[in-house]
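# Structural overview
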Amino acid sequence: MSKMREPPILQRRNNHLPYDIALNIMERLPVKSVIRFRGVSKSLDSSIQNHDFISNHLNINKNNHENGYVIHKPSWEASRLIYSSPPNTSVFTVAFDRTLDRISEVGLPFKFISKFAQIVGSCNGLLCLSISANIIFLWNPSIRKYRRLPNTCLEKLEYVKLGFAYHSENDDYKVVRISCSSLHIRDIEVYTLSSDSWRRVGISSTNKVILCHDNLLVPAPMVGGALHWMENIFEGQVIGRSMYIMSFDVNTETSRKLALPDYSDDPNCIALFKGKLAFITSEQHGYQYSIWVMKEYGVVESWNKLFVVPFQRAAYCLAFTEYGSLLVCYSYINDQGESHGFKFVLIDTENLHENEDPDIQCPSYVANFMESLVLLDGAKAVSY
């Protein structure tokens, strides 16, 4: 980073603070503190917006494992089916990932369509949100900046699946959009933040498959530089039990199939568990779940049933936090088999202890989160 003229605030009569050291100190400060320094001088503002400073600040904070957060918002689609008065779906909540205790709330800047927003993914403090198949935003709530993505480069969008990932080789961010027909993968396009454009990646499937909607409330798992979705092979006129995982490498922009473990229960969803690809199965009508983990990514033989979680009532597994806790939803059923509401519980997978009062009590989109300066140097980003 080239040296610039030092702002007066960094100069002292008998105690001169070198500019590079001052920047090094600021790289370790919280985002809100760094943003305040932008108003000190033009030279300091320019240094803070420099890509190297943003990257250094990000890497230092990523290594601080004490800053484990999640971000969640109520799902309008799911909540309106359950509650007569759905919660405010325009507000996102930042919480500690170990307890889900609330830290802060933040509203979307694009209010007119905010209730339909879904969390596609979260990478390095940057959120990818979809309003519809063709309306997608990148948003960093920590620095109050967002960018709307351009429209698709495909002729038609059908049955869309989305994923968001960090492209480590180029220090860039990508959005993957898969447009499917009912029986086979048709088109895949990739958006790159640095070019602000979509590119078509033509992939066709020889088998008739259905890309499963396994868990709509959590992002597609990102493991080993690849995004993952479950697929179900269509055999004859019916959907067969031949399921596998579709893996899309965001670096090479190629896809491959990963086999699931040899399971005998009902498949539930795939997820991210402590940085590894996980597969969740249910049995006994939701009263027990098994958590499988691929210990060595890409090696099918490394699938291992890590633990079994029993429940006293029927449950639905929603998500893992980065810490490894499991968020589940209980449905209260009376003697007549009628549902009487839902209860959300956070379970420590190591000792099965239940936190019965997490600050999330409706179907919600959930993703890991951290504060960062990503998008601060974006020329096309909108401030609010």
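The structure under discussion appears in the preceding block.
Now for a quick tour of the structure. All residue numbers here refer to positions counted from 1 along the written sequence of the relevant chain. Only residues with pLDDT of 70 or above have their local features reported here, since the model is predicted, and side-chain atom pairs are shown and tallied only from 80 upward, although totals for entire chains, interfaces and linings are computed over all residues. Hydrogens and water are ignored here; the side-chain numbers use all heavy atoms of the structure.

## Side note on the pattern of salt bridges
To keep things clear, this is the line we draw: Each reported salt bridge corresponds to a side-chain nitrogen of Lys or Arg within 4 Å of a carboxyl oxygen of Asp or Glu. Type-normalised accessible area, obtained with a 1.4 Å probe on protein chains alone, sets the label of each residue: buried when under 20%, exposed when over 50%, and partly exposed for intermediate values.
In the structure shown here, the tally under the stated rule is nine salt bridges. The closest approach of N and O atoms between Arg102 and Glu105, which form a salt bridge, is 2.8 Å. Taking relative accessible area as the criterion, Arg102 reaches 46% and is therefore assigned partly exposed. Classification of Glu105 by relative accessible area gives partly exposed; the value is 46%. Connected through shared salt-bridge partners, Arg147, Asp196 and Lys380 make up one network.

## Here's the deal with the packing of aromatic side chains
Which entries qualify depends on this criterion: The aromatic pairing rule takes the rings of Phe, Tyr and Trp, using the six-membered ring of Trp, and pairs them if the centres are within 6.5 Å, calling planes under 30 degrees apart stacked, those over 60 edge-to-face and the rest tilted. A run of H or I in DSSP becomes a helix once it reaches four residues, and a run of E becomes a strand once it reaches two; helices and strands are each numbered from the N terminus. Cation placement over rings: the criterion is NZ of Lys or CZ of Arg within 6 Å of the ring centroid and within 35° of the ring normal.
Taken as a whole and assessed by the stated rule, the structure comprises 13 aromatic pairs. Note on Phe273 and Phe307: the rings are 5.8 Å apart at their centroids and 70 degrees apart in plane angle, and the pair reads as edge-to-face. Separated by 34 residues along the polypeptide, Phe273 in strand E17 (residues 266-273) and Phe307 in strand E20 (residues 303-310) bring together distant segments of the chain. The same class applies to Phe273 and to Phe307, which are both buried. In this structure, Arg177 packs its charged tip against the face of Trp198, placed 4.0 Å from the ring centre. Over the ring of Tyr330 we find Arg313; its NZ or CZ atom is 4.0 Å from the centre of that ring.

## Some thoughts on the sheet that holds strand E1 (residues 69-74)
Inclusion rule: What makes two strands pair is DSSP finding at least two bridges between them. Note on geometry: axes are C-alpha line fits, over the in-contact stretch for helices, and angles between N-to-C directions span 0 to 180 degrees.
As summarised here, the arrangement of the four strands in space is E3-E2-E1-E25, forming an open sheet in which the pairing is antiparallel. One side of each edge strand has no neighbouring strand; the edge strands of this open sheet are strand E3 (102-107) and strand E25 (364-369). Put simply, the sheet's adjacent strands are angled 25 degrees from each other on average, direction ignored. Pairing geometry for E1 and E25, over six bridges, is antiparallel. By the bridge assignment for E25, Lys73 is matched with Tyr365.

## Regarding the sheet that holds strand E4 (residues 118-123)
With respect to topology, five strands assemble into an open sheet ordered E4-E5-E6-E7-E26, the strand pairing being antiparallel. Every interior strand has two partners, whereas the edge strands, E4 and strand E26 (382-383), have only one. Judged from the five bridges that link them, strand E5 (residues 126-132) and strand E6 (residues 135-140) form a sheet pairing that is antiparallel. Note on E6: the bridge partner recorded for Leu127 is Trp139.

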